[in-house]
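# Summary of the model geometry
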Amino acid sequence: MLALVTGGTGFIGGHVVERLLSAGHHVRVLLRDERKGQWLAHQGAELCVGDVTDCKSLRQAAVGMDVVFHLAAYVSEWGPWNAFQAGYGCWHRKYDLRGC
């Protein structure tokens, strides 16, 4: 299986990536800062620099993937509402990832 994981450098995402890799799957991790994902690259994950709030980079990351594990999130106790909704447009349009 070819899997794209967003939020792969986070607590839950990191465990999902490790589990997928240990099961023999190809894993691509979409992340903003490649340095934060080096520990995943050393385990065999493919790193793809991009941002879930940027539809173009999201589409590029999804090319050839069988499944997407969307685990990225804006994590904060407090913040502007638009920061929590930033990626909404990319994920909730049916045509954005179709055919990738």
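As shown above, the structure is provided for reference.
Conventions and cut-offs
- Residues numbered from 1 in each chain as written.
- Predicted model: local features only at pLDDT ≥ 70, side-chain atom pairs only at ≥ 80, totals over all residues.
- Heavy atoms only, no water.
- Core = buried A, V, L, I, M, F, W, Y, C linked by side-chain atoms within 4.5 Å.
- Buried < 20%, exposed > 50% of the residue type's maximum accessible area, 1.4 Å probe, protein only.
- Contact = heavy atoms within 4.5 Å.
- Helix = DSSP H or I, 4+ residues; strand = E, 2+ residues; numbered from the N terminus.
- Polar contact = N/O pair within 3.5 Å; in protein donor to acceptor, adjacent residues only side chain to side chain.
- Salt bridge = Lys/Arg side-chain N within 4 Å of Asp/Glu carboxyl O.

A3, V5, V17, L20, L21, V27, V29, L31, L40, A45 and L47 together form the largest nonpolar core, which totals eleven residues. Residues contacting L47, with those up to four places away along its chain left out, are V29, L31, E34, G37, Q38 and A41. Residues L30, V52, A61 and M65 belong to the second largest nonpolar core, which totals eight residues.

Okay, the side chain of S57 next. Its location among the elements puts S57 in helix α3 (residues 55-62). Judged by its relative accessible area of 9%, S57 is buried. In terms of polar contacts, S57 uses its side chain to reach the backbone carbonyl oxygen of D51, at 3.0 Å. Excluding its chain neighbours within four sequence positions, the residues that come into contact with S57 are L30, G50 and D51.

Under the defined criterion, the tally for this structure stands at two salt bridges. R28 is the partner of E46 in a salt bridge, and the nearest nitrogen-oxygen pair spans 3.1 Å. Within this pair, whereas E46 is found in strand β3 (residues 46-49), its partner R28 is found in strand β2 (residues 26-31), the two being separated by 18 residues in sequence. The salt bridge involving R35 is made with D33; its shortest N-O contact spans 3.0 Å. Note on R35: relative accessible area 69%, which makes it exposed.

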